[in-house]
Amino acid sequence: MRRSNNMKICPVLSAKLQTQSNEELPVIVRVKENNTDKLNSLTRSMEGKVRRSLPLVDAIALNMNLEEIDRLSRDPNVEYISYDSKVFALLDIANASIGSSFPREMGLKGEGVTVAVVDTGVSPHNDLTRPRNRIVGFKDFVNDKAKPYDDNGHGTHVAGIIASNGFSSNGKYSGVAPSANILAIKALDESGSGNTSDIVSAIDWVVKTKEQYNTKILNLSLGSPANNSINSDPLVRAVEAAIKSGLTVIVAAGNSGPSAKTILSPGNSPNVITVGAVDDKRTPDTSDDSIANFSSRGPTKEGLRKPDVVAPGVSIMSLSNKSSDGYITSSGTSMATPLVSGSAALLYSKYKNLTPSQVKNMFINSCSDLKDKQENQGAGVIDLKKLFATPDRETPRNEPPSRSPRFPISPLPPRREKREEEVASANAFSEFIIIMVLVILILSLHD
């Protein structure tokens with residue numbers, strides 16, 4: 001029996017090491033940070049088995065049998081070996097529920113801002129391509145095709161929630177940011193699934209091309225069971241690297257509710273905006289809203305408070321991949337997430353140089369409380385009226401949280417200006433003291 005208590009190996013692989021099987025498994029091998037020589041050496045030695053290079057997270061994806069995994073885990077230059085697990089894809093009334101007409105009335109429509117959608121692809125729907133094509137780029141990590149397509153439909157629906165201009169519905173089914181651009185990345189196949197390494201590669205490509213496409217936001221309406229710690233999880237490490245590069249990353253919480261501690265990876269990342277789903281009851285009034293039963297609940301397994309915010313995610317109308325002018329309804333935190341991504345695009349069209357942490361703080365501080373538990377609703381449902389109601393000013397700065405003093409501080413008494421008579425009185429008293437001192441000195445000398 002092989003070793004199973006190796007801390008360098010993820011729980012899924014550890015369980016398999018206890019068997020006598022010698023099957024080949026898809027894995028992600030991460031070396032010590034910035035150890036390029038070891039990464040290159042490993043790539044050469046495993047030639048023919050390597051499926052993807054993952055420099056964003058100092059790793060490679062390859063197929064290995066259990067004997068090879070066990071042996072490689074003993075290499076001091078290898079940091080962690082994880083199972084290359086599967087990742088799954090998880091507006092009219094919805095727009096009204098979050099107050100999206102308010103920023104539009106201010107002239108904010110996401111013009112020039114690009115949102116990257118890593119998903120099943122995006123079909124060239126009229127609402128994204130007419131009167132001008134706003135699918136500014138496409139990358140296919142599944143079938144390596146050059147032109148945009150979506151053989152599942154999930155990605156097209158998500159893209160429409162973000163940026164549909166309602167061309168085929170006379171504006172009825174427009175997205176939150178109807179002038180924003182979409183960068184479409186296909187990393188999930190026709191069944192809506194893909195490997196972790198595919199998603200990491202897609203995120204890496206978005207980071208490398210962000211200046212070319214003016215990408216500000218990364219939408220991930222997908223997730224995988226959080227089997228690894230956040231420090232070892234390849235997806236979490238990838239999104240954290242994307243945030244460090246300046247991208248605002250918005251992620252679905254997952255559809256594993258209503259149980260607690262069901263937040264999926266990479267929604268368990270500390271710095272992404274993790275989005276849960278609200279059932280808006282098909283009314284624009286938020287007073288009857290409630291957290292969708294399927295929406296994943298926090299906290300994370302590490303105790304992080306998630307989700308961060310919630311948005312409508314039940315029966316959301318958006319674009320269909322079946323025809324260039326069709327629409328379809330769908331539900332899930334996958335649908336709530338692009339509502340937040342579209343809203344972030346509106347923020348970037350108002351404030352050009354926001355940091356990801358500023359965007360996150362602005363959302364959290366502008367939510368409407370649904371009177372539910374924090375682990376269910378986060379800060380509450382996003383409210384664009386609150387988000388954009390602040391007066392125009394320079395780019396918001398991250399301000400440190402205010403702290404109450406450890407002891408009571410009494411205000412200083414008001415400062416009084418001296419009147420002329422007070423000054424004169426003081427001068428007279430000084431002169432009297434001087435005279436008395438001189439008299440004493442003279443008498444002392446005389447004696």
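Residues numbered from 1 in each chain as written. Predicted model: local features only at pLDDT ≥ 70, side-chain atom pairs only at ≥ 80, totals over all residues. Heavy atoms only, no water.

1. Concerning the packing of helix α8 (residues 196–208) against helix α10 (residues 234–244)
In contact at an axis separation of 10 Å, α8 and α10 are set at 5° when each is read in the N-to-C sense. In terms of orientation, α8 lies roughly parallel with respect to α10. In this structure, α8 contributes Thr-196, Ile-199, Val-200, Ile-203 and Val-207 to the contact, and α10 contributes Pro-234, Leu-235, Ala-238, Val-239 and Ala-242. Residue composition of the contact of α8 with α10, grouped by class: nine nonpolar, one polar and no charged. (Axes fitted to C-alpha atoms, helices over the stretch in contact; angles between N-to-C directions. Helix = DSSP H or I, 4+ residues; strand = E, 2+ residues; numbered from the N terminus. Parallel < 35°, antiparallel > 145°, perpendicular 65-115°, else oblique. Contact = heavy atoms within 4.5 Å. Nonpolar A, V, L, I, M, F, W, Y, C, P; charged D, E, K, R; others polar.)

2. Digging into the pattern of salt bridges
One pass over the structure, following the stated rule, counts 15 salt bridges. Salt-bridge contacts for Asp-70 lead to Arg-74; the nearest nitrogen and oxygen are separated by 3.0 Å. According to the relative accessible area criterion, Arg-74 is exposed, its value standing at 53%. Members of the salt-bridge network, linked through shared partners, are Glu-24, Lys-49 and Glu-68. (Salt bridge = Lys/Arg side-chain N within 4 Å of Asp/Glu carboxyl O. Buried < 20%, exposed > 50% of the residue type's maximum accessible area, 1.4 Å probe, protein only.)

3. So, the layout of surface pockets
Roughly 330 Å³ of volume is contained in the second largest pocket. Along the wall of the second largest pocket there are 14 residues; nearest its centre are Glu-33, Leu-56, Arg-237, Glu-240 and Ala-241. (1 Å grid on protein atoms, 1.4 Å probe; cavity = no way out; pocket = protein on both sides within 12 Å on 5 of 7 lines; lining within 4 Å. Points joined across faces, edges and corners; volume = space filled by probe spheres on them.)

4. Here we look at the nonpolar core
Of all hydrophobic cores here, the largest spans 50 residues; its most connected members are Ile-182, Val-340, Leu-347, Phe-363 and Ile-382. Considering every element that reaches this core, the biggest residue donor is helix α11 (residues 333–350), with nine residues. Setting aside chain neighbours within four positions, we find Ile-382 in contact with Ile-98, Val-309, Val-310, Ala-311, Leu-339, Val-340, Ser-343, Phe-363 and Cys-367. Counting residues in each nonpolar core, the second largest holds 33 residues, with Ala-116, Val-200, Val-206 and Leu-220 among its members. (Core = buried A, V, L, I, M, F, W, Y, C linked by side-chain atoms within 4.5 Å.)

5. Brief notes about the side chain of Asp-198
Its place among the elements puts Asp-198 in helix α8. With a relative accessible area of 14%, Asp-198 lands in the buried category. Not counting chain neighbours up to four residues away, the residues in contact with Asp-198 comprise Arg-52 and Ala-187.

6. Points about the confidence of the model for the chain
On average, residues of the chain score 86 in pLDDT, and 84% of them reach the 70 mark or higher. Across residues 399–426, confidence stays below pLDDT 50; counting only partners more than four residues off in sequence or on other chains, it has three contacts. (pLDDT = per-residue confidence, 0-100.)

7. What to know about the sheet that holds strand β2 (residues 50–54)
With respect to topology, four strands assemble into an open sheet ordered β2-β3-β1-β4, the strand pairing being antiparallel. Two strands lie at the open edges of the sheet, namely β2 and β4 (78–83), each paired on one side alone. In this sheet, adjacent strand axes meet at a mean angle of 30° when their direction is disregarded. Relative to strand β3 (residues 59–65), strand β1 (residues 24–31) runs antiparallel, the two sharing seven bridges. Its bridge partner lying in β3, Ile-28 is registered against Ala-61. Together, β1, β2 and β3 form the strand contacts of α8, whose direction differs from that of β2 by roughly 40°. (Pairing = 2+ DSSP bridges.)

8. Observations regarding α11
The end-to-end C-alpha distance of α11, which contains 18 residues, comes to 26 Å, matching closely the 26 Å that a straight helix rising 1.5 Å per residue would cover. Counting buried positions along α11 yields 18 of 18 residues, so the element is predominantly enclosed. (Expected span 1.5 Å × (residues − 1).)

9. Comments concerning the side chain of Asp-75
Counting through the fold element by element, Asp-75 comes out in the loop between α3 (66–72) and β4. Reaching out from Asp-75, the side chain makes a polar contact with the backbone nitrogen of Asn-77 at a distance of 2.8 Å. Apart from residues lying up to four places away in sequence, Asp-75 is in contact with Lys-8 and Lys-38. (Polar contact = N/O pair within 3.5 Å; in protein donor to acceptor, adjacent residues only side chain to side chain.)

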